[in-house]
Amino acid sequence: MDSSSPELKILVADDSPIYRKLVEQSLSDEGYTVLVAKNGCQAMELFAEHQPGVVITDWTMPDISGIELCQRIRRDFGQVYAYVILLTANADKEEVIEGLAAGADDYVTKPFHPGELQARVRVGRRMVELHRQVQEKNRQLEEMALTDPLTGLHNRRAIDIWAIRELSAAARHDFSIWVAMADLDHFKSVNDTYGHEAGDTVLKGFAEVLKFNTRQSDICGRLGGEEFLAVITHTEKKGATIAIERIRKHFESRRFTVADKSFGSTASFGIAGFRGTASPKFSDLMASADAALYSAKQEGRNCIKFAAE
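Residues numbered from 1 in each chain as written. Predicted model: local features only at pLDDT ≥ 70, side-chain atom pairs only at ≥ 80, totals over all residues. Heavy atoms only, no water.

Draft legend 1. Broad picture of the packing of aromatic side chains. Applying the stated criterion across every chain yields a total of 9 aromatic pairs. Between F206 and F251, the aromatic rings sit 5.0 Å apart at their centres with planes inclined by 85 degrees, giving edge-to-face as the arrangement. A residue pair is termed long-range when its members are at least 10 positions apart, and F206 in helix α8 (residues 196-212) and F251 in helix α9 (residues 237-252) qualify at 45 residues. The class for F206 is buried, based on a relative accessible area of 0%. Lying over the aromatic face of Y19, K110 brings its terminal NZ or CZ to 4.2 Å of the ring centre. Here K237 stacks its cationic end above the ring of F306, 4.7 Å away from the centre of that ring. (Phe/Tyr/Trp six-rings, centres within 6.5 Å; stacked < 30°, edge-to-face > 60°. Helix = DSSP H or I, 4+ residues; strand = E, 2+ residues; numbered from the N terminus. Buried < 20%, exposed > 50% of the residue type's maximum accessible area, 1.4 Å probe, protein only. Lys NZ or Arg CZ within 6 Å of the ring centre and 35° of its normal.)

Draft legend 2. Structural detail: the pattern of salt bridges. Tallied over the entire structure, the rule returns 20 salt bridges. Here R74 ties to D105 by a salt bridge, and the two come within 2.8 Å at their closest N and O atoms. Residue R74 is found in helix α3 (residues 66-76), and its partner D105 is found in the loop between α4 (93-101) and β5 (106-109); the two are separated by 31 residues along the sequence. One salt bridge in this structure joins R275 and E236, with 2.8 Å as the shortest N-O distance. Of this pair, R275 sits in the loop between β11 (267-274) and α10 (282-298) while E236 sits in the loop between β8 (227-233) and α9, and the two are 39 residues apart along the sequence. Among the residues examined, R275 registers a relative accessible area of 44% and is labelled partly exposed. (Salt bridge = Lys/Arg side-chain N within 4 Å of Asp/Glu carboxyl O.)

Draft legend 3. Structural view of the nonpolar core. Membership of the largest hydrophobic core comes to 28 residues, with the highest contact counts inside it found for L184, F206 and F228. It is α8 that contributes the most residues to this core, 6 residues altogether. (Core = buried A, V, L, I, M, F, W, Y, C linked by side-chain atoms within 4.5 Å.)

Draft legend 4. Spatial organisation of α3. Looking only at α3, the buried set comprises G66, I67, L69, C70 and I73. Projected onto a plane normal to the axis of α3, the buried residues spread over an arc of 165 degrees and lie on a single side. The inward-facing, buried residues of α3 abut β1 (9-13), α2 (40-50), β3 (54-58), β4 (83-88) and α4. (Arc of directions from axis to C-beta. Contact = heavy atoms within 4.5 Å.)

Draft legend 5. Representation of the pairing of strand β10 (residues 261-264). Both strand β9 (residues 255-258) and β10 contribute to a ladder of 4 bridges, which runs antiparallel. Each bridged residue has a counterpart across the sheet, and for F256 the counterpart in β10 is F263. (Pairing = 2+ DSSP bridges.)

Draft legend 6. Examining the pairing of strand β2 (residues 33-37) more closely. The pairing of β1 with β2 spans 5 bridges and is parallel. Paired with V12 across the two strands is V36, which belongs to β2. Handedness of the crossover is the feature at issue here: the chain leaves β1, passes through helix α1 (residues 17-27), returns alongside β2, and the resulting connection is right-handed. (Right-handed = clockwise from strand over helix to strand, strands pointing away.)

Draft legend 7. Structural detail: the sheet that holds strand β12 (residues 304-306). What the 5 strands build is an open sheet, ordered β7-β8-β6-β11-β12; its pairing is mixed. Single-partner strands in this sheet number two, and they are β7 (219-224) and β12. Direction aside, the axes of adjacent strands within the sheet are offset by 20 degrees on average. Two elements, strand β6 (residues 177-184) and β11, share 8 bridges in a ladder whose sense is antiparallel. (Axes fitted to C-alpha atoms, helices over the stretch in contact; angles between N-to-C directions.)

Pasting the structure below:
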């Protein structure tokens, strides 16, 4: 087995001590971790605990048959991929078709040749590894779909998904939620004076400040351009003010250097909050925060303004 691949766990379920031992011996030199169950119920318990990649199960067991075991795994652990191999003493094609229709991936006829079982397991291992690779690619794609590529922060879609759920929870459990819009001051002049690469550096710098000062229970992200957003929960107006003021001061004190020239930047903030039993639309809260941000810009920038209550 490829040493770079995750360890492969194999669950063997058979009520016959002889066949359990034969299967174990057949796989002993392959470098797998083998879990052994004496019946179907024990197999289900081991599967739930270890989530093995391959299951080798006898067709006929006194409590839960191999087919039933396969069906329960597919039904109860749909998010976990397992390659199921049925062991059967009956090579009748109708029975084989029944087993495959129940969700089994392969079958081996008893008595089996150790080399054949090893070969079938290798096929299963390749299928499990392929499935894991697909899952990882899907995870990466989903992460990319929810991430701003420049700053690594959440993007608008990710914020919407999180905030809509959190607004519902705030109404249900009676806690406050604050939406803070941020816009970098005179950002166009940074691009015009120092170049777009410098502008990207400033955006990344603000993202670092924003992320560093955002609790894990809250969320922050980039909406686009020089606009950012933070959503703060479980605090009153004073707490929200302290949190955003910390971000404002931290960014104001930061210096950027381009071609031996050092410069700073600032940001303005608009905040809108909610607490009650009937949650507003997230887009409405954002609109209120945006209006407050406009007031902050009108009153000199580099400051915080709350939406009118």
